[in-house]
Amino acid sequence: MLGSAATRRSFLFGLGESRPQGVLPPGATAESISTCSGCGKCVAGCPQKIILLESGRPRVDFSRGECTFCGECSARCPEAVFTTAHALHFDHVANIQDRCLALNAVDCQSCRDACPETAIHFVPLRGMPFQPVLDAACCTGCGACMSVCPVQAIGLSAVSREFEHV
């Protein structure tokens, strides 16, 4: 029997449970999350419905959709959980894994079509479908590409943005 976290897609592709959760909402840090009371106001305020409470702490589940950086989670939070009032990116970027359909001779560009920042583009390769290329400098880590990938071939890689100009 399928668990509640399993999706039809993951069942059909034999991928088991949905993607691992553990990403903090935008603007929250590992240190600031300790002030969270678990009230759930950020969950209720998220128009994309991608924030869940896990062990009393908010987590983002990109299998449900993308973060639009609307700031509602931060605006609704009564504690000092969000160190950046209106974050415009996460501290990670997407990465395209080996099980990507295009990397395995199957034409697919769903991640490119979903990316609001056009951080993913495809280049031709003789005898193969167009191949994905990620521009990490453009990627905000929003998760739009993750929720649409039919084989869950998009992961996350930590990135330091300390020298980024605003």
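Just so you know, these numbers come straight off a predicted model, no measurement behind them.

A. The arrangement of the side chain of Ser74 in detail. Assignment of secondary structure puts Ser74 in helix 3 (residues 72-76). Among all residues touching Ser74, those that are not within four sequence positions of it are Phe82, Thr84 and Ala85.

B. Expanded view of the environment of Cys145. Its location among the elements puts Cys145 in helix 5 (residues 144-148). Among the residues examined, Cys145 registers a relative accessible area of 8% and is labelled buried. Taking the C-alpha atoms as reference, Cys145 lies 5.7 Å from Ala114; in sequence the two are 31 residues apart. Excluding its chain neighbours within four sequence positions, the residues that come into contact with Cys145 are Ala94, Cys111, Ile120 and Ile154.

C. Here's a closer look at the pattern of salt bridges. Taken as a whole and assessed by the stated rule, the structure comprises 4 salt bridges. Residues Asp61 and Arg64 are paired through a salt bridge, measuring 3.7 Å at the closest nitrogen-oxygen approach. Exposure remark for Asp61: the relative accessible area of 5% places this residue in the buried category. Overall, the relative accessible area of 47% leaves Arg64 in the partly exposed class.

D. View of the environment of Thr83. Mapped onto the elements of the fold, Thr83 is located in the loop between helix 3 and strand 3 (92-96). In this structure, the C-alpha to C-alpha distance between Thr83 and Ile33, residues 50 residues apart in sequence, is 9.6 Å.

Reading guide: rules and limits
Residues numbered from 1 in each chain as written. Predicted model: local features only at pLDDT ≥ 70, side-chain atom pairs only at ≥ 80, totals over all residues. Heavy atoms only, no water. Helix = DSSP H or I, 4+ residues; strand = E, 2+ residues; numbered from the N terminus. Contact = heavy atoms within 4.5 Å. Buried < 20%, exposed > 50% of the residue type's maximum accessible area, 1.4 Å probe, protein only. Salt bridge = Lys/Arg side-chain N within 4 Å of Asp/Glu carboxyl O.

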